[in-house]
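Each chain, written out:
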Amino acid sequence: LLAIEATRIQVAKKYLKRVVYLGVYLSSSNYYLGRIATQEKQHKQAIKYYSGVLSGSHKDEAQFRIIESLVQLKQIKIAREHIAILRVNYQNQPEKRLELDLFEGELLRSIGKYQASYDTLNLAVQSNPNNIELLYSKALSAERLNKHDEFEQNLKGILKKHPQNAQALNTLGYYLVSKTDRLAEAGVLINKAYQLEPEDPVIIDSIGWLNYRKGDFAEAEKWLEKASLLTFDPEISAHMGEVYWLLGKKEKAMLVWK
């Protein structure tokens, strides 16, 4: 574990495999070997390791990671069958079922199965109408299906109950910037999100894109460069390139896009 912390991954693998050979700490060692295999994109090997996590605090997470690995291997049908088995196993554990519903909805959305994602989350919301994570995730799937009115209503519903939810504030604000001309309304939402989370690069990107939509490209550049320094994100980079291009900095724009 110290080797993992020190990013000496090959050393970590050596010791973890030795521990498994000795027949002790099997579940935790298999879990960490699975994590390493996932990072190395060896998804078949990862499934093998995660399947050896039969007890302990990592047992449930290992099952979820098996599903993620199956998706990476394009074995979507098997992944969903695995989810169905877990759902039966969790039938008397409402918190675990809720976690599984959220996981499945987000997983389906990540691979472009937007209708299946929406249906899964919508069904879960009917049983858990006040769960913010479910409502937020369902809103994202609704937006992907061009259910724009429902998307906006869901986010406003979240903000009515939790007006300090920076993520919902920014998501709705960014949507208004990107899809509508309601820039003043978007600005109120995004600026409030920024006051709550001033170091969040996603929110800083939204401020940059708001200024872009307003035509203030110099101000947009300032905010987007700040966001870029905090994290690497393809969407932020795409925005950065747009602004550079319009400011006449075409070589910088091409470099960022590449």
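Throughout what follows, the structure given in this document is the object of discussion. (Residues numbered from 1 in each chain as written. Predicted model: local features only at pLDDT ≥ 70, side-chain atom pairs only at ≥ 80, totals over all residues. Heavy atoms only, no water.)

## Describing a nonpolar patch on the surface
- The grouping of Tyr 21, Leu 22, Val 24 and Tyr 25 at the surface amounts to a nonpolar patch, some 520 Å² of accessible area in total.
- Mapped onto the secondary structure, Tyr 21 falls in helix α2 (residues 9-22). (Patch = residues over 30% accessible without salt bridge, like charges linked within 9 Å, V, L, I, M, F, W, Y side chains within 5 Å. Areas by Shrake-Rupley, 256 points an atom, 1.4 Å probe, with all protein chains shown as cover. Salt bridge = Lys/Arg side-chain N within 4 Å of Asp/Glu carboxyl O. Helix = DSSP H or I, 4+ residues; strand = E, 2+ residues; numbered from the N terminus.)

## Some points on the nonpolar core
- Among the nonpolar cores identified, the biggest contains 40 residues, and Leu 134, Leu 155 and Leu 172 are the most heavily contacted of them.
- Residue contributions to this core peak at seven residues, all from helix α11 (residues 166-179).
- Contacts of Leu 134, omitting those with residues within four sequence positions, involve Leu 98, Leu 102, Leu 121, Ala 124, Val 125 and Asn 128.
- By size, the runner-up hydrophobic cluster in this structure holds 25 residues, among which are Tyr 31, Tyr 50, Ala 79 and Leu 100. (Core = buried A, V, L, I, M, F, W, Y, C linked by side-chain atoms within 4.5 Å. Buried < 20%, exposed > 50% of the residue type's maximum accessible area, 1.4 Å probe, protein only. Contact = heavy atoms within 4.5 Å.)

## Regarding unusual backbone geometry
- One non-glycine residue, Thr 7, adopts positive backbone phi at about 55 degrees.
- With respect to the helices and strands, Thr 7 occurs in the loop between α1 (2-5) and α2.

## A few points about the packing of aromatic side chains
- Tallied over the entire structure, the rule returns eight aromatic pairs.
- Where Tyr 194 meets Trp 223, the ring centres are 5.3 Å apart and the plane angle is 90 degrees; that geometry is what we call edge-to-face. Residue Tyr 194 is found in helix α12 (residues 183-196), and its partner Trp 223 is found in helix α14 (residues 217-230); the two are separated by 29 residues along the sequence.
- Centroid distance Tyr 212 to Phe 217: 5.8 Å. Interplanar angle 45 degrees. Geometry classified as tilted.
- Grouping aromatic residues by their ring pairs yields a cluster made of Tyr 31, Tyr 32 and Tyr 50.
- Lying across the ring of Tyr 15, Lys 14 places its NZ or CZ 5.6 Å from the centre.
- Its end group placed over the ring of Tyr 118, Lys 147 keeps NZ or CZ at 5.1 Å from the ring centre. (Phe/Tyr/Trp six-rings, centres within 6.5 Å; stacked < 30°, edge-to-face > 60°. Lys NZ or Arg CZ within 6 Å of the ring centre and 35° of its normal.)

## A short note on the pattern of salt bridges
- Applying the stated criterion to the full structure yields 15 salt bridges.
- When the shortest N-O distance is used, the salt bridge between Glu 61 and Arg 35 registers 3.9 Å. Here Arg 35 lies in helix α3 (residues 26-39) and Glu 61 lies in helix α5 (residues 59-72), a separation of 26 residues in the sequence.
- On the basis of relative accessibility, which here comes to 29%, the residue Arg 35 falls in the partly exposed class.
- Owing to a relative accessible area of 32%, Glu 61 belongs among the partly exposed residues under this scheme.
- Residues joined in a network through salt bridges with shared partners are Arg 80, Arg 87, Asp 101 and Glu 104.

## Focus: the packing of α12 against helix α13 (residues 201-214)
- Put simply, α12 and α13 touch, their axes get as near as 9 Å, and they point 155 degrees apart. Here α12 lies roughly antiparallel to α13, going by the angle between them. Two packed elements cross with a definite hand, and for α12 against α13 that hand is left-handed. Facing α12, whose interface residues are Leu 183, Gly 187, Ile 190, Ala 193 and Tyr 194, α13 presents Ile 203, Ile 204, Ser 206, Ile 207, Leu 210, Arg 213 and Lys 214.
- A breakdown of the residues in the contact of α12 with α13 according to their chemical character gives eight nonpolar, two polar and two charged. (Axes fitted to C-alpha atoms, helices over the stretch in contact; angles between N-to-C directions. Parallel < 35°, antiparallel > 145°, perpendicular 65-115°, else oblique. Left-handed = near helix turned anticlockwise from the far one by under 90°. Nonpolar A, V, L, I, M, F, W, Y, C, P; charged D, E, K, R; others polar.)

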